[in-house]
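Tertiary structure, described
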Amino acid sequence: MEAGRETVLMQATFKVYRHDPEAGGKPTFQPYPLELPEDATVLDGLFKIREELDGTLAFRASCNRGFCGECTLRINRGGRLACMTRVATARTKDGEVTVEPVRNVHVLKDLVYDVDRLLWQKIKAVEPWLQPAGPQPAREHLLRDEQLQPVRNAMRCYYCGLCDEGCSVIPFDNTFLGPAALTKAYRFVFDPRDGARAHRLQAVGEPRGMWDCVHCFEADEHCPRGIDPTHRIMDLRDKAVGTTTASPPRSRRVDGSTRGGWRWKPGA
Amino acid sequence: LYATGGCAATGVHGANGLAGNWLLEALVFGGRAGLAAAEQKPRPGKGIDAQLEDERRRMTVIMDRPAGPEKAGTIRSELGRLMRRHVGPLREASGLQEAATKVGELSTRYQKVGVTNKGRRYNYELVAFLELESLLTIGGVIAAAATFREESRGAHHRQDRPARDDAKWLAHTMASFRPGGPAMTSRPAVITKWRPEGRRY
């Protein structure tokens, strides 16, 4: 707030999920009455709590610009980026804003959850780097813009995890690769420079991979970047049907298998 | 010492070293610095365990000291407002001088701040407290460097010195730590492929 600009204040009560698994006890929702500028975001409110009311509150945030995906939380029961959600629009008629971790996560403390389990292990499992065929080119591998068009939108993913938060399969089996990692796989399968397409399609075709998606389209509904992860999973399947002949669809809904596929690497 | 990003002054982004551009620089040169550091033989000195013990002792002192009535967050917001008002892209000598003085005052107030959260896991109050010390240090350096460079260049626009002065200021600004505040000197810039040009658009 710069000098000279009048600041209109509003009231809101944040009800914040508090839990320290190491200290034991049950999770509680702690109320914090706040006075905030009317254009404040939920993240502004959380910072105000930590800086002025309660230094013990743990939450993560980084860019404050809707770019890094670090402050993904459940705000009044919906998955949101706290920095992109205005308190004025999020609060209920009673002026309440409920803030809790997203679903399908392992809570470490308060609003901090294990992103490694939710996202990074799965994204690592799809080998998220370019694997060109043949020797390394001497210069940059230049492409015409239209050659990258299919993956350009998927490249905008910032790993907020909202698609996995909305996923209907993960609540039943949190080892399902999930829409975020499968969208990452899509990004390389459809990159004209990549030489590992068959290997990638084979890998995501294993149990807990793309065939476990039930195309409920929740991921498309949840994605704040319009990447439509459910459609990207369908693109992967189409590509697999068109190119791989060795590996028939292996969903556990088809063969009941729980073996094979990618696995947790605890502590990795 | 290996450094990357803005302080390394590689010049890759010229006067356009804003926000996200530095990410690219940090990735490329951070990777190179890491590889170079890994190749270098370690110099004899304090072992990692001893350094860790020093840090642990430093944290204990911070955690044990009594907290004054003032919170780190108040100082952080005041610093932010001060920097936005006087040390943005448009700046001039008197505002910069005021900013430097006020940063000094905030640093004095910072000495009386303590940490109320004594927890050892996910203690973001402690993190914010430690970050604030760096913010105050760097805030003071930015104000001093902007005062020192008596010309306008790139995103540094001195309203009292609107022209670019290649004769005197085609140079890097160097800040050295002194207990009383940063000491400023300059070092000539080495021009290789691209000669700086004026903005004519």
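Presented here is an overview of the structure given in this document.

A tally of helices and strands in chain B yields six helices and four strands. Listing the helices and strands of chain B from first to last along the sequence gives α-α-α-β-α-α-β-α-β-β. Burial status across chain B gives 25% buried among its 201 residues. Contacts spanning at least 24 positions in sequence make up 55% of the contacts within chain B whose residues lie at least 6 apart. Looking at chain B, you have 32 positive and 21 negative side-chain charges, and the mean spots of the two groups are 2 Å apart.

Within the largest apolar cluster, 63 residues are counted, with the highest numbers of intra-cluster contacts made by F14, L46 and L236 of chain A. Ignoring sequence-local partners within four residues, the contact set of L46 of chain A consists of F14, V16, L57, F59, L73, V99 and L111 of chain A. Core analysis: the second largest hydrophobic core is formed by 22 residues, L79, L96, V113 and L132 of chain B among them.

Take the environment of V115 of chain A next. All names here are of chain A. Within the secondary structure, V115 sits in helix α3 (residues 115-125). Taking the C-alpha atoms as reference points, V115 and V105, 10 residues apart in sequence, are found 7.8 Å from one another. In contact with V115, not counting residues within four places along its chain, are R60 and W120.

All names here are of chain B. In this model, helix α2 (residues 48-64) (17 residues) spans 24 Å end to end at C-alpha, consistent with the 24 Å of a helix rising 1.5 Å per residue. Within the sequence span of α2, burial applies to M59, I62 and M63. Along α2, the residues classed as buried sweep out an arc of 95° about the axis, all on the same side. For α2, exposure combined with an orientation more than 90 degrees from the buried face picks out R57, V61 and D64. Of the surrounding secondary structure, the elements contacted by the buried residues of α2 are α5 (124-148).

Conventions and cut-offs
Residues numbered from 1 in each chain as written. Chains lettered and ligands numbered in written order. Predicted model: local features only at pLDDT ≥ 70, side-chain atom pairs only at ≥ 80, totals over all residues. Heavy atoms only, no water. Helix = DSSP H or I, 4+ residues; strand = E, 2+ residues; numbered from the N terminus. Buried < 20%, exposed > 50% of the residue type's maximum accessible area, 1.4 Å probe, protein only. Contact = heavy atoms within 4.5 Å. Lys, Arg positive; Asp, Glu negative; His and termini not counted. Charge placed at Lys NZ, Arg CZ, Asp CG, Glu CD. Core = buried A, V, L, I, M, F, W, Y, C linked by side-chain atoms within 4.5 Å. Expected span 1.5 Å × (residues − 1). Arc of directions from axis to C-beta.

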